[in-house]
Amino acid sequence: MVSSVESSVGTNRKVVTELPGPKSRALHERRQAAVSAGLTNGFPIYIERAEGAILVDVDGNRILDLGSGIAVTTIGHAVPELVDAVSAQVAAFTHTCFMVTPYESYVEVCEELAALTPGSHAKTSALFNSGSEAVENAVKIARLASGRQAIVVFDHAYHGRTNLTMALTAKNMPYKDRFGPFAPEIYRVPMSNPFHDGLSGAQAAARAIKAIETQVGAHNVAAVLIEPIQGEGGFIVPAEGFLPALSEWTTANGVLFIADEIQSGFCRTGDWFAVDHEGVIPDLVTTAKGLAGGMPLAAVTGRAEVMNQVHEGGLGGTYGGNPVAAAAALATIKTLRDRNLASRARELETVILKSLRSLQQDVAIIGDVRGRGAMIAIELVQPGTKDANAAAAKSIVTYCNQHGVIALACGTYGNVIRLLPPLVITDEQLEDGLDVLAAAVRAAS
Ligand SMILES: *Cc1c(COP(=O)(O)O)cnc(C)c1O
């Protein structure tokens, strides 16, 4: 077994240059010449190493990470269990292509996914490289298994950037603009959005179902695809009862319920999956981000009788379920379980909500504080209204960055700040990060 990295990073935030520092700025110059302008960097500091909740940049700044690479390094950076598992697997073999010659870790990841995802029914999985690829395959499987074509998605949804998933994603700029034509047979219906629509879960579900029945026809619908807590769209948590009502309707109408748990899965919300909160049992679940702690891995897991209808050779891909990524996933799942990190996510929720709700009392620009577990956001508004305040979100992110904290904006209107801290963040680190965020919000008020 390869030994774990020595702890040499330091556990506190420490800014020693202006940010970005001179070395990062020099690298960024090189980047402009070599990397497509179509990619942007939220915070162009160049990272040299990382541990726990701290990133160290090339100028020696220690940055507090409240974004986890967008909910990917859910446990934290350089988790010893992951470092050991990945290092050992790299030395053993890095690739055979599962479709050519299989290996145990692929099977074991699928066994874990069957055990962890909701429901005690027989399940099988297929592994892929990215969240978008998992969503695309879930749609392929749902269409084949149901013999129907329509896919229902929601306002504010984000499901990826490949051609099919662009059609599933709601927001035009920057994800879709001028990249069409988009795939057909995608229908968008209203999401439950309690802060803005004031509807109960049952009312919001009735509204969505009415739209499906009148505009698509239940018998045409292969699947309803939904993020149980929306990610990029603004951390929108549907009203209690919305997901169960939708799920009941899908079951009654022979429609598959696909939960996109790519951002919300793997203990992020204080349960293994966000749907667990209301006991919803999806037919298919897509996972990625938190699944493998930073190695590219994604999965579709679902009812065996649905998944197994696909003809031989109908699913696959060269790298899907790569052995190094599979080793990382097994170590991630074991570590989440052994260290009881779902309960740590719930502790983080208590601390973060308390801090942000008390801040909300003091300032007029926080319209809403919401989320679950270590997936919490504030929605920024024009004082006295619910109108979006994207300028405030932008200035808060900039302030945080300049003070060595990574905080991410999201939302259809760019007015939501989301916190996705690594679950091993210490109480001191979290308090420090929340203090910086509070100062940023006050400065923007
Ligand atoms: C990030 C994300 C995706 C796309 O995953 P990629 O790995 O970036 O392709 C899909 N669905 C949700 C909910 C996501 O958050």
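For the structure, see preceding data.
## Describing the nonpolar core
- Residues Phe-154, Phe-242, Phe-266, Leu-356, Leu-380, Ile-417 and Val-441 are the most contacted members of the largest nonpolar core, which totals 94 residues.
- Broken down by element, this core gets its largest block of residues, nine residues, from helix H11 (residues 323-338).
- Composition of this core by domain shows at least three residues from each of domain 1 (22-65 + 340-444) and domain 2 (83-338).
- Those residues in contact with Leu-356, other than ones at most four positions away along the chain, are Val-369, Ile-376, Ile-378, Leu-419, Leu-434 and Leu-437.
- If you look at the next biggest cluster of nonpolar residues, it comprises 28 residues, including Ala-138, Ala-142, Leu-164 and Met-307.

## Side note on the site of the ligand
- Close contacts around the ligand come from Ser-130, Gly-131, Ser-132, Tyr-158, His-159, Gly-160, Glu-227, Asp-260, Ile-262, Gln-263 and Lys-289, and that covers them all.
- Contact distances for the ligand include 3.4 Å between a nitrogen atom and a backbone N or O atom of Tyr-158.
- Here a nitrogen atom of the ligand and a side-chain polar atom of Asp-260 are 2.7 Å apart.
- Isolated, the ligand exposes 380 Å² of accessible area, and the fraction of that covered by the protein chains is 83%.

## Considerations on empty space enclosed by the protein
- With the rule as written, the count across this model stands at one cavity of 30 Å³ or more.
- In this model, the largest cavity occupies a volume close to 40 Å³.
- For the lining of the largest cavity, the residue count by class is three nonpolar, five polar and two charged.

## Observations concerning the pairing of strand S12 (residues 375-380)
- Burial within S12 is extensive, with six of its six residues counted as buried.
- Here S12 shows two buried faces, one formed by Met-375, Ala-377 and Glu-379 and the other by Ile-376, Ile-378 and Leu-380.
- Inspection of the sheet shows strand S11 (residues 366-372) paired to S12 by six bridges, in the antiparallel sense. Bridge pairing in S12 links Val-369 to Ile-378.

What counts and how
Residues numbered from 1 in each chain as written. Predicted model: local features only at pLDDT ≥ 70, side-chain atom pairs only at ≥ 80, totals over all residues. Heavy atoms only, no water. Core = buried A, V, L, I, M, F, W, Y, C linked by side-chain atoms within 4.5 Å. Buried < 20%, exposed > 50% of the residue type's maximum accessible area, 1.4 Å probe, protein only. Helix = DSSP H or I, 4+ residues; strand = E, 2+ residues; numbered from the N terminus. Domains from an automatic or database assignment. Contact = heavy atoms within 4.5 Å. Near = heavy atom within 4 Å. Polar contact = N/O pair within 3.5 Å; in protein donor to acceptor, adjacent residues only side chain to side chain. Areas by Shrake-Rupley, 256 points an atom, 1.4 Å probe, with all protein chains shown as cover. 1 Å grid on protein atoms, 1.4 Å probe; cavity = no way out; pocket = protein on both sides within 12 Å on 5 of 7 lines; lining within 4 Å. Points joined across faces, edges and corners; volume = space filled by probe spheres on them. Nonpolar A, V, L, I, M, F, W, Y, C, P; charged D, E, K, R; others polar. Pairing = 2+ DSSP bridges.

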